[in-house]
Amino acid sequence: MHPHDNRAWLFVLPAALVLGFVGVIPLAINAWHSLFDIFTLEQKFWVGTEWYTAILGSDRFYHSLGRSLMFSAVVIAVQFPLGLAIALALPRDGLMRALCLVLLAVPLMVPWNMIPAIWLSLINPDTGYVGRLMAWAGIAFDYKFTALHTWILLVAMDTWHWVGLVAILSCSGLAAIAPSYYQAAAIDSATRWQVFRFIELPKLAAVLTMALLLRFMDSFMIYTEAFGINAGGPSGATAFLSLDLGEEIKAFNYGPAAARSVIYFALALVIVWGFWRALNAQRDANEAAR
């Protein structure tokens, strides 16, 4: 094949067409609708960038953005060390490793709308095992009216749901490390920390970056779990960007909802771009070090 023959891109064309149909076209239509005040599909009035100006000029938007970013930062700070610790503690091979990976994957299969119901039943002081245990220990857990308790519940619930993903991805990265690295470390009498710091962590960098991107984007878009627990309460303490968008949609405010979704998409795009740049910079640094 000629070195400048680009026919290989034809294999990407079907995926690009599907992505354009399910992603780009709806986004363009949504952006168009964000420029109107919509009563019905037949009755809409041009307002230009009025919705964008109102949203970006409101304190509520920035407070919700701050809460969303804070939630993502907290769950990442909890789930990544925990997921790494689980992956490092698992057996290297054998039936027990396979069984542990299956158990870690079980919460990932639970539908989002079922998770709040499961956790609310667990912490119920009358019927739930966790609720009874906290009541026996004298722990007053009031997620309905205490913001800190609501945040603790959301972080615990999200960690239960997603820490398995971090652990499984970390396991896949650890499995790809050649045994010769560990043999060389043993010859040099390296400590367990040194093996982790200079062998495992650098080899896991690409996998962890991808996991970080996936977890950040998912936690940044949390809606079903947060709404099911306290619907943004108490007093708006868990009113994330996604909940504000959901309220606009449920109120049939299609114009503002469309504008919020476009802003939401732009924020996500900037974050993905930042991760992509960081990943490329890390790869270039690793190549330069070689």
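Worth saying up front: this structure is predicted, and the values here are computed from it rather than measured.

About the criteria used
Residues numbered from 1 in each chain as written. Predicted model: local features only at pLDDT ≥ 70, side-chain atom pairs only at ≥ 80, totals over all residues. Heavy atoms only, no water. Helix = DSSP H or I, 4+ residues; strand = E, 2+ residues; numbered from the N terminus. Buried < 20%, exposed > 50% of the residue type's maximum accessible area, 1.4 Å probe, protein only. Contact = heavy atoms within 4.5 Å. Areas by Shrake-Rupley, 256 points an atom, 1.4 Å probe, with all protein chains shown as cover. Lys, Arg positive; Asp, Glu negative; His and termini not counted. Charge placed at Lys NZ, Arg CZ, Asp CG, Glu CD. Salt bridge = Lys/Arg side-chain N within 4 Å of Asp/Glu carboxyl O. UniProt positions renumbered as here; feature names shortened; annotations may be inferred. Patch = residues over 30% accessible without salt bridge, like charges linked within 9 Å, V, L, I, M, F, W, Y side chains within 5 Å. Phe/Tyr/Trp six-rings, centres within 6.5 Å; stacked < 30°, edge-to-face > 60°. Lys NZ or Arg CZ within 6 Å of the ring centre and 35° of its normal.

Chemist: Would you take a moment to explain the overall build of the protein chain for this structure?
Modeler: Each helix and strand counted, the protein chain has twelve helices and two strands in total. Each helix and strand of the protein chain, ordered N terminal to C terminal, gives the series α-β-β-α-α-α-α-α-α-α-α-α-α-α. Along the longest, intermediate and shortest principal axes, the C-alpha atoms of the protein chain span 75 × 75 × 30 Å. With 290 residues in all, the protein chain has 37% of them scored as buried. In the protein chain, 67% of the contacts between residues at least 6 apart in sequence involve partners at least 24 apart. Accessible surface for the protein chain amounts to roughly 17,400 Å². Of this, 71% is attributable to carbon and sulfur atoms. Across the protein chain, the centroid of the 17 positively charged side chains sits 7 Å from that of the 18 negatively charged ones.

Chemist: Even after reading the chapter, I still don't get the pattern of salt bridges, so can you show me in this structure?
Modeler: Scanning the model with the defined rule gives seven salt bridges in all. Note that glutamate 200 is salt-bridged to arginine 92, the shortest N-O span being 3.2 Å. One end of the pair, glutamate 200, is in helix α9 (residues 192–220); the other, arginine 92, is in the loop between α3 (59–89) and α4 (95–105), and 108 residues separate them in sequence. You can call arginine 92 partly exposed: its relative accessible area is 44%. The closest approach of N and O atoms between arginine 192 and glutamate 200, which form a salt bridge, is 3.1 Å.

Chemist: Please explain the UniProt feature "transmembrane region" (unreviewed entry) in the protein chain as it appears in this structure.
Modeler: If you check UniProt for "transmembrane region" (unreviewed entry), the listed places come out as residues 9–29, 69–91, 98–122, 162–182, 194–214 and 257–276 in our numbering. Annotated as 64% helix and 0% strand, the span residues 98–122 places its first and last C-alpha atoms 28 Å apart.

Chemist: How do you make sense of a nonpolar patch on the surface when you look at a structure like this?
Modeler: A cluster of nonpolar side chains, namely Val18, Leu19, Phe21, Val22, Ile25 and Ile29, defines an oily patch on the protein surface of about 620 Å² accessible area. Position of isoleucine 25 among the secondary structure elements: in helix α1 (residues 13–33).

Chemist: What is the right way to look at the UniProt feature "domain: ABC transmembrane type-1" (unreviewed entry) in the protein chain in this model?
Modeler: The UniProt feature table records "domain: ABC transmembrane type-1" (unreviewed entry) at residues 65–275. Within residues 65–275, the helical portion is 75% and the strand portion 0%, while the C-alpha atoms at the span's ends are 19 Å from each other.

Chemist: Looking at this structure, I do not really get the environment of valine 166. What am I missing?
Modeler: Topologically, valine 166 is positioned in helix α7 (residues 147–175). Among the residues examined, valine 166 registers a relative accessible area of 0% and is labelled buried. Between the C-alpha atoms of valine 166 and alanine 178, which are twelve residues apart in sequence, the distance is 21 Å. Look past the residues within four positions of valine 166 in its chain and what remains in contact with it is Gln79, Phe80, Gly83 and Arg215.

Chemist: Help me out: how do you make sense of unusual backbone geometry in this one?
Modeler: Most peptide bonds adopt trans geometry, and most residues besides glycine take a negative phi value. Of note, the bond from glycine 233 into proline 234 is cis; its omega dihedral lies within 30 degrees of zero at 0°. With respect to the helices and strands, the residue proline 234 is situated in the loop between α10 (224–230) and α11 (241–250). Even without being a glycine, serine 189 presents a positive backbone phi close to 60°. Considering the arrangement of structural elements, one finds serine 189 in the loop between α8 (179–187) and α9. Given the relative accessible area of 59%, serine 189 is considered exposed.

Chemist: Would you mind going over the packing of aromatic side chains with me for this structure?
Modeler: Geometry of an aromatic ring pair is reported as the spacing of the ring centres plus the angle between the planes. Enumeration over the complete set of coordinates arrives at 14 aromatic pairs. Centre to centre, the rings of tryptophan 119 and tryptophan 160 are 6.2 Å apart; their planes meet at 70°, and the pair counts as edge-to-face. One end of the pair, tryptophan 119, is in helix α5 (residues 115–122); the other, tryptophan 160, is in helix α7, with 41 residues separating them in the sequence. Judged by its relative accessible area of 14%, tryptophan 119 is buried. On the basis of relative accessible area, tryptophan 160 is assigned to the partly exposed category, the value being 32%. Grouped by ring-pair contacts, the aromatic residues Trp32, Phe36 and Trp46 constitute a single cluster. Note that lysine 44 overlies the ring of phenylalanine 36, its terminal NZ or CZ placed 5.1 Å from the centroid. Taking the ring centre of phenylalanine 198 as reference, the NZ or CZ of arginine 197 above it sits at 5.1 Å.

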